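Structural characterization, general
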Amino acid sequence: MLTELQNIFTPTRVSNSAEDLKKYGKDWTTYFDINASFIVFPESAEEVQKLVQLARLKKIALIPSGGRTGLSGGACALNGEIIVSFERMNKVLEFNPIEQTVRVQCGMITEELQEYAKSKGLLYPVDFAARGSSHIGGNVATNAGGIKVVRYGLTRDWVVGLKVVTGTGAILNLNQSLVKNATGYDLRHLFIGSEGTLGFVTEVTLRLAAPQTPAKVLFLGSDSLAQVMQTYSLFKKHTTLIAFEMLSDKALKYVEQATGMSSPLSSPAKFYIVSEIECPSEKHEQQIMEALEKALEAGHIVDGTVSQNEAQTKIFWRFREDITESLARYTPYKNDISVRVSKVPALIEEMDPIFAKNYPTWDVIWFGHIGDGNLHISILRPADMTKEEFVKECRKVDALIFQAIKNQQGSISAEHGVGLTKKPFLSFTRSAEEIALMRGVKMVFDPDHIINPGKLID
Ligand code: MLT
Ligand code: ZN
């Protein structure tokens, strides 16, 4: 196998060193035993095609690997698979100033794409804390959302074209960057959110947005999630929201401990909001201040402050964006769920007693993109518990949480994907008929089950 891989990739772009296998065989999850056989570093779709042909012949499984920031085990190798790292395919291929689109290789880092768009006086608006490491190919595979979905939507909304190598070894150019294309099934959208189970995305063409208008960032404190939702509704009505994020008092405490920063508010609250709002003029600023006063008067918030400069804006955002890193040393068990925004309070009401009964002494940390109905729940592992015991306990409670989500017609994974971690629970969100159709789609694109097998669906 080593010789065959070296023939395709040259010896310098194949590795089976223990160090590399450990590094490239996993994502940000911490609960899987990693077992990869090789890592290859393609530089073109044609090389990927040759690899797929070889893998079909030898019945060897392949795993796509981007920035490895995933949180569902979607890029983990557990069964001696070959890891396909796209870190060398990281270039801008074409910028089209008339269409305001950019064609990039799949291994481009999200933040570099954002910077590139900026250098052209434009904006790539999909944004999240992992921007400095995640790849655009991985963003497509998981239909990444993040912090600005309320204003700019998800990755899907920006993809106008894809080049993919399917599990049959075909190279497809999907949608050719057209705005209008009424010629049947839009296969591009099947690949977006497919979690790398149908083939490899090698190139992505994205629309870019007009540069962001000046904005204000607010840091607010509220006494209940119901009041947070009221605040959201009020601001949504009177201002143009770019982001509306929530973190609990415990989340704030862990960020304070990890970073040495302290809350921008003088009085404590049970929940905090970080909200970015468009503010291109004094009139807009006045509207924001009026909304803030209304929220205070109505008791929706107990305290609040508006960023006065760039440095303060960064600090406000750090309270939200540093949560994942601040919790990492407690190897949290994560859930990433969503309901329609209006159903968030009802969902919380159903879930509160489940947590109170099952985790009376454990630290359960809530935060998330409350403006789009996406909540992140991180359960911290007690120091005296092994990882195995902890996961077993959490999984028992998952079934109860997911039933509550099903009752509210929500999703067991809003943005992190199903991967390995949520696969046993897929039926809480997707019907048996849907899952059967998904299996059928997988069979068409990957008849030999060599592309990221065992992820999303069996
Ligand atoms: C976030 O919103 O910060 C990410 O989805 C990461 C996480 O849930 O830890
Ligand atoms: Zn998130």
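Data block above holds the structure.
Below is a summary of the structure that appears in this document. Computed from a predicted model, the values in this text were never measured in an experiment.

**Quick look at the overall build of the chain**
Each helix and strand counted, the chain has 15 helices and 16 strands in total. The C-alpha radius of gyration computed for the chain amounts to 22 Å, which stays within 12% of the reference 23 Å derived for 458 residues, consistent with globular compactness. Counting only C-alpha atoms, the chain reaches 70 × 55 × 45 Å along its principal axes. Expressed as a percentage of its 458 residues, the buried residues of the chain come to 54%. Within the chain, contacts between residues at least 6 apart in sequence are counted, and of these 74% link residues at least 24 apart.

**Details of the nonpolar core**
Counting 50 residues, the largest nonpolar core has F235, M351, F355, W366, I370, L375 and I379 as the members making the most contacts within it. For this core, the element with the most residues is helix α14 (residues 387-407), which contributes 8 residues. Other than its neighbours up to four places away in sequence, W366 contacts M246, L247, S248, A251, I348, M351, F355, L375, H376 and I377.

**Focus on the side chain of K455**
Relative to the helices and strands, K455 is located in the segment after α15 (432-445). At 5.3 Å, E81 is the nearest oppositely charged side chain to K455, a buried residue that forms no salt bridge. Of the polar contacts made by the side chain of K455, one reaches the side chain of N452; its length is 2.7 Å. The residues contacting K455, other than those within four sequence positions of it, are I63, G73, G74, A75, C76, T197, G419, L420 and K423.

**Points about the coordination of the zinc ion (ligand 2)**
Protein-derived coordination of the zinc ion (ligand 2) comes from H369 (NE2), H376 (NE2) and E415 (OE), at a distance range of 1.8 to 2.1 Å. All donors of the zinc ion (ligand 2) come from a single chain, and their spacing in sequence reads H-x6-H-x38-E. With a gap of 46 residues between them, H369 in strand β15 (residues 364-369) and E415 in the loop between α14 and α15 connect regions that are remote in the sequence.

**Some words on the packing of helix α1 (residues 2-9) against helix α3 (residues 45-58)**
Put simply, α1 and α3 touch, their axes get as near as 10 Å, and they point 160° apart. Taken as axis vectors, α1 and α3 run roughly antiparallel relative to one another. Crossing angle aside, the handedness with which α1 passes α3 is right-handed. Contact residues: E4, L5, I8 and F9 in α1; E47, K50, L51, L54 and K58 in α3. Residues that form the contact of α1 with α3 fall into these classes: 5 nonpolar, no polar and 4 charged.

**A closer look at the pattern of salt bridges**
Evaluation of the coordinates by the stated rule reveals 21 salt bridges. For K396, the salt bridge is made with E393, and the minimal N-O distance between the two is 2.9 Å. Here K396 and its partner E393 are both found in helix α14, 3 residues apart, which amounts to about one turn of the helix. Among the residues examined, E393 registers a relative accessible area of 30% and is labelled partly exposed. Among the ionic contacts, a cluster of salt bridges with common partners joins R13, E43, E47 and R88.

**What to know about α1**
Buried within α1 we find L5, I8 and F9. Down the axis of α1, the smallest arc covering the buried residues is 80°, so these residues share one side. Turned more than 90 degrees away from the buried face of α1 sit T3 and N7, all of them exposed. Downstream of α1 by a residue or two, T10 has a phi angle that is positive, lying close to 65°.

**Concerning the state of the cysteines**
Scanning all chains against the criterion turns up 0 disulfides. Summary of cysteine pairing: C106 is not part of a disulfide, and the nearest cysteine sulfur, belonging to C76, is at 19 Å. Residue classification places C106 among the buried residues on the basis of a relative accessible area of 2%. With no disulfide of its own, C394 lies closest to C76 among cysteine sulfurs, the gap being 17 Å. Its relative accessible area of 0% is what places C394 among the buried residues.

**With respect to the site of ligand 1**
Neighbouring ligand 1 are the residues L71, R320, T324, K334, F367, H369, H376, E415 and H416. Taking H376, its side chain carries an N or O atom lying 3.0 Å from an oxygen atom of ligand 1. The separation between an oxygen atom of ligand 1 and a polar side-chain atom of E415 is 3.1 Å. Its free accessible area being 260 Å², ligand 1 has 89% of it covered by the protein chains. Here the residues of the shell around ligand 1 are counted per class, giving 2 nonpolar, 4 polar and 3 charged.

**Focus: the sheet that holds strand β10 (residues 215-222)**
One open sheet accounts for 7 strands, arranged β13-β10-β12-β11-β15-β16-β14; its pairing is antiparallel. At either margin of the open sheet sits one strand with a lone partner, and together these are β13 (303-306) and β14 (333-338). The mean inter-strand angle of the sheet, taken between neighbouring strand axes irrespective of direction, is 15°. Along the sheet, helix α8 (residues 225-238) contacts β10, β11 (241-248) and β12 (271-278); its crossing angle with β11, the most-contacted strand, is approximately 170°.

**Here we look at the environment of Q312**
Summarising the element assignment, Q312 is placed in helix α11 (residues 310-321). With a relative accessible area of 26%, Q312 lands in the partly exposed category.

Calculation notes
- Residues numbered from 1 in each chain as written.
- Chains lettered and ligands numbered in written order.
- Predicted model: local features only at pLDDT ≥ 70, side-chain atom pairs only at ≥ 80, totals over all residues.
- Heavy atoms only, no water.
- Helix = DSSP H or I, 4+ residues; strand = E, 2+ residues; numbered from the N terminus.
- Rg over C-alpha atoms; globule rule 2.2 N^0.38 Å.
- Buried < 20%, exposed > 50% of the residue type's maximum accessible area, 1.4 Å probe, protein only.
- Contact = heavy atoms within 4.5 Å.
- Core = buried A, V, L, I, M, F, W, Y, C linked by side-chain atoms within 4.5 Å.
- Lys, Arg positive; Asp, Glu negative; His and termini not counted.
- Salt bridge = Lys/Arg side-chain N within 4 Å of Asp/Glu carboxyl O.
- Polar contact = N/O pair within 3.5 Å; in protein donor to acceptor, adjacent residues only side chain to side chain.
- Donors = N, O, S within 2.8 Å, 3.2 Å for Na, K, Ca; no water.
- Axes fitted to C-alpha atoms, helices over the stretch in contact; angles between N-to-C directions.
- Parallel < 35°, antiparallel > 145°, perpendicular 65-115°, else oblique.
- Left-handed = near helix turned anticlockwise from the far one by under 90°.
- Nonpolar A, V, L, I, M, F, W, Y, C, P; charged D, E, K, R; others polar.
- Arc of directions from axis to C-beta.
- Disulfide = S-S within 2.5 Å.
- Near = heavy atom within 4 Å.
- Areas by Shrake-Rupley, 256 points an atom, 1.4 Å probe, with all protein chains shown as cover.
- Pairing = 2+ DSSP bridges.

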